[in-house]
Amino acid sequence: MSEFLAMGGYAFYVWGSVGACALGMVLEVWMLKHRRRAILARLPRKELA
Amino acid sequence: MNHSLVNWFKFASPASFYPLAGRLIPYFAAVAMALLAAGLWIGLLVAPTDAQQGEGYRIIFVHVPVSWMSMFIYCVMAFWAALGLSFNTRLSGMMTSALAPTGALFAFLSLWTGALWGKPMWGAWWVWDARLTSQLILFFLYLGFIALQAAIDDPRRADKAGAILALVGVINVPIIYFSVQWWNTLHQGASVSMTKAPSMAHTMLLGMLLMALAFWAYTIAVALMRVRCIILERELTSEWVKKNAME
């Protein structure tokens with residue numbers, strides 16, 4: 001397991017790449033959910049939510 | 001009346017596209033998750049170690065798919081832009097806007113993962129060569145598109161201005177793609193060619209394709225989520241939104 005994480009000495013570069021992609025995608029989805037909640041909160045008929 | 005025509009134009013209306021998009025999102029999200037898991041498993045665990053670059057080459061499994069997506073999304077934006085300018089359909093402009101932030105994200109990730117690959121292999125985070133510079137311009141085109149649309153208050157006019165920028169900017173995509181052939185560059189040539197037999201191990205190719213398909217499904221799911229937000233924001237006062245948008 002630690003050998004896998006070490007990536008033959010390239011851990012910083014490989015995990016820095018994979019991690020940035022994961023972070024970017026998670027943040028994008030989170031921001032979209034937040035944006036949707038903000039719009040629905042502005043709708044007049046709240047009892048439907 | 002032609003039935004297929006009727007169906008297509010039915011979904012060109014935001015009010016009828018909104019629920020359809022909502023139904024499609026979970027499927028594309030599930031496909032994206034499954035393909036991501038498979039692609040990462042093959043890319044990080046199954047694919048053999050590279051003879052020259054050791055484990056460091058595994059960056060390819062994110063770098064190449066995100067770079068493909070950054071170029072492909074811009075082409076799809078140009079397609080929706082052309083459709084919107086030709087037929088004056090409202091949904092086309094909304095789709096163009098919905099894709100731009102995701103394209104910008106992939107363009108950024110392409111530069112980011114490229115820097116993390118360039119440092120150990122070339123000894124430099126960044127060089128001003130044709131491939132890298134044209135990809136940086138693609139990132140700026142996405143940011144320019146988003147900024148231009150944000151600067152125009154009337155959404156329909158913002159769509160038109162954005163569509164023209166998307167169509168003019170699409171010239172950059174073939175420049176990026178062929179930059180490695182047209183100019184002397186530090187960047188290696190195309191990883192996958194349509195005309196030549198694959199030069200890499202089959203598991204490597206499979207991992208890259210799975211990741212590319214995963215990002216495809218992700219992009220569709222996220223673009224549909226964003227277009228639903230855009231539709232709601234623009235039609236907040238209309239009757240159908242008040243009745244149906246909560247579903």
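The structure displayed is predicted, hence computed values, not measured ones.

### Quick look at the overall build of chain B
At step 1: Summing up its helical and strand segments, chain B has nine helices and zero strands in all.
At step 2: Viewed in the frame of its principal axes, chain B has a C-alpha envelope of about 65 × 35 × 35 Å.
At step 3: Within the span of chain B, comprising 247 residues, buried residues form 49% of the whole.
At step 4: Considering only contacts within chain B whose residues lie at least 6 apart along the sequence, 75% involve residues at least 24 apart.
At step 5: Put simply, chain B shows about 12,200 Å² of open surface, and 69% of that area lies on carbon and sulfur atoms.
At step 6: Charged side chains of chain B number 15 positive and 10 negative; the gap between the two group centres comes to 4 Å.

### Considerations on the environment of W216(B)
Residue and element names in this part refer to chain B.
At step 1: Along the polypeptide, W216 turns up in helix α8 (residues 202-234).
At step 2: Remark: the alpha-carbon pair of W216 and I137, spanning 79 residues in sequence, is separated by 22 Å.
At step 3: In this view, W216 contacts M69 and F72; residues no more than four positions away in its chain are not counted.

### Focus: unusual backbone geometry
At step 1: One non-glycine residue with positive phi stands out, namely M7(A), at about 50°.
At step 2: Within the secondary structure layout, M7(A) lies in the loop between α1 (2-6) and α2 (11-42).
At step 3: Even without being a glycine, N88(B) presents a positive backbone phi close to 55°.
At step 4: With respect to the helices and strands, the residue N88(B) is situated in the loop between α3 (60-87) and α4 (90-122).

### As for the packing of aromatic side chains
At step 1: Taken as a whole, this structure holds 16 aromatic pairs over all chains when the rule is applied.
At step 2: The interplanar angle of 80° and the centroid separation of 5.2 Å between the aromatic rings of F12(A) and Y13(A) together place this pair among those described as edge-to-face.
At step 3: Looking at Y13(A), the relative accessible area reads 18%, which means it is buried.
At step 4: Ring geometry for Y13(A) and W125(B): centres 6.3 Å apart, planes at 45°, overall tilted. Linking Y13(A) in helix α2 with W125(B) in the loop between α4 and α5 (130-151), this pair reaches from one chain into another.
At step 5: A cation over a ring is seen here: R228(B) above Y18(B), with NZ or CZ 4.1 Å from the ring centre.

### Comments concerning the interface of chain B and chain A
At step 1: Opposite the 40 residues of chain B that make contact, chain A presents 29 residues.
At step 2: Each partner contributes to the roughly 3,100 Å² buried at the junction of chain B and chain A, and carbon and sulfur atoms together form 77% of this total.
At step 3: Taken together, the connections running from chain B to chain A amount to two salt bridges.
At step 4: The salt bridge partner of R226(B) is E28(A), with a shortest N-O separation of 2.7 Å.
At step 5: The interface formed by chain B and chain A contains seven residue pairs in polar contact (both at pLDDT 80 or more).
At step 6: If you list the elements that add at least two residues to the side of chain B that touches chain A, you get α2 (14-46), α3, α4, α8 and α9 (239-244) of chain B.

### Quick word on the packing of α3(B) against α8(B)
Residue and element names in this part refer to chain B.
At step 1: Here α3 crosses α8 at 45°, and the two axes come no closer than 9 Å. Comparing the axis directions of α3 and α8 gives the class oblique. In this structure, α3 meets α8 at a crossing whose hand is right-handed. Across the interface between the two elements, I60, F61, V62, V64, P65, V66, W68, M69, F72 and I73 of α3 pack against M204, G207, M208, L209, M211, A212, F215, W216 and T219 of α8.

### Here we look at the packing of α4(B) against α5(B)
All names here are of chain B.
At step 1: Packing of α4 against α5 leaves a shortest axis separation of 9 Å and a crossing angle of 155°. Between α4 and α5, the angle is such that the two are roughly antiparallel. As α4 packs across α5, the resulting crossing turns out to be left-handed. Contact with α4, carried on its side by T96, S97, A100, P101, G103, A104, A107, F108, S110, L111 and W122, involves L132, Q135, L136, F139, Y142, L143, F145, I146 and Q149 of α5 and no other residues of that element.
At step 2: Of the residues in the contact of α4 with α5, the class split is 14 nonpolar, six polar and no charged.

### What about the nonpolar core?
Residue and element names in this part refer to chain B.
At step 1: Formed by 78 residues in total, the largest nonpolar core has its most connected members in F17, F61, F106, Y142, F215 and V227.
At step 2: No other element matches the 17 residues that α8 contributes to this core.
At step 3: Every residue in contact with F106, bar those within four places of it in the chain, is listed here: V66, M69, S70, I73, F215, Y218 and T219.

### Some points on the side chain of T113(B)
Residue and element names in this part refer to chain B.
At step 1: Tracing the sequence through the fold places T113 in helix α4.
At step 2: Using a relative accessible area of 0% as the deciding quantity, one classes T113 as buried.
At step 3: Of the polar contacts made by the side chain of T113, one reaches the backbone oxygen of L109; its length is 2.8 Å.
At step 4: From its side chain, T113 meets the backbone oxygen of S110 in a polar contact 3.3 Å long.

Thresholds, definitions, all that
Residues numbered from 1 in each chain as written. Chains lettered and ligands numbered in written order. Predicted model: local features only at pLDDT ≥ 70, side-chain atom pairs only at ≥ 80, totals over all residues. Heavy atoms only, no water. Helix = DSSP H or I, 4+ residues; strand = E, 2+ residues; numbered from the N terminus. Buried < 20%, exposed > 50% of the residue type's maximum accessible area, 1.4 Å probe, protein only. Contact = heavy atoms within 4.5 Å. Areas by Shrake-Rupley, 256 points an atom, 1.4 Å probe, with all protein chains shown as cover. Lys, Arg positive; Asp, Glu negative; His and termini not counted. Charge placed at Lys NZ, Arg CZ, Asp CG, Glu CD. Phe/Tyr/Trp six-rings, centres within 6.5 Å; stacked < 30°, edge-to-face > 60°. Lys NZ or Arg CZ within 6 Å of the ring centre and 35° of its normal. Buried area = accessible area lost by both parts, 1.4 Å probe. Salt bridge = Lys/Arg side-chain N within 4 Å of Asp/Glu carboxyl O. Polar contact = N/O pair within 3.5 Å; in protein donor to acceptor, adjacent residues only side chain to side chain. Axes fitted to C-alpha atoms, helices over the stretch in contact; angles between N-to-C directions. Parallel < 35°, antiparallel > 145°, perpendicular 65-115°, else oblique. Left-handed = near helix turned anticlockwise from the far one by under 90°. Nonpolar A, V, L, I, M, F, W, Y, C, P; charged D, E, K, R; others polar. Core = buried A, V, L, I, M, F, W, Y, C linked by side-chain atoms within 4.5 Å.

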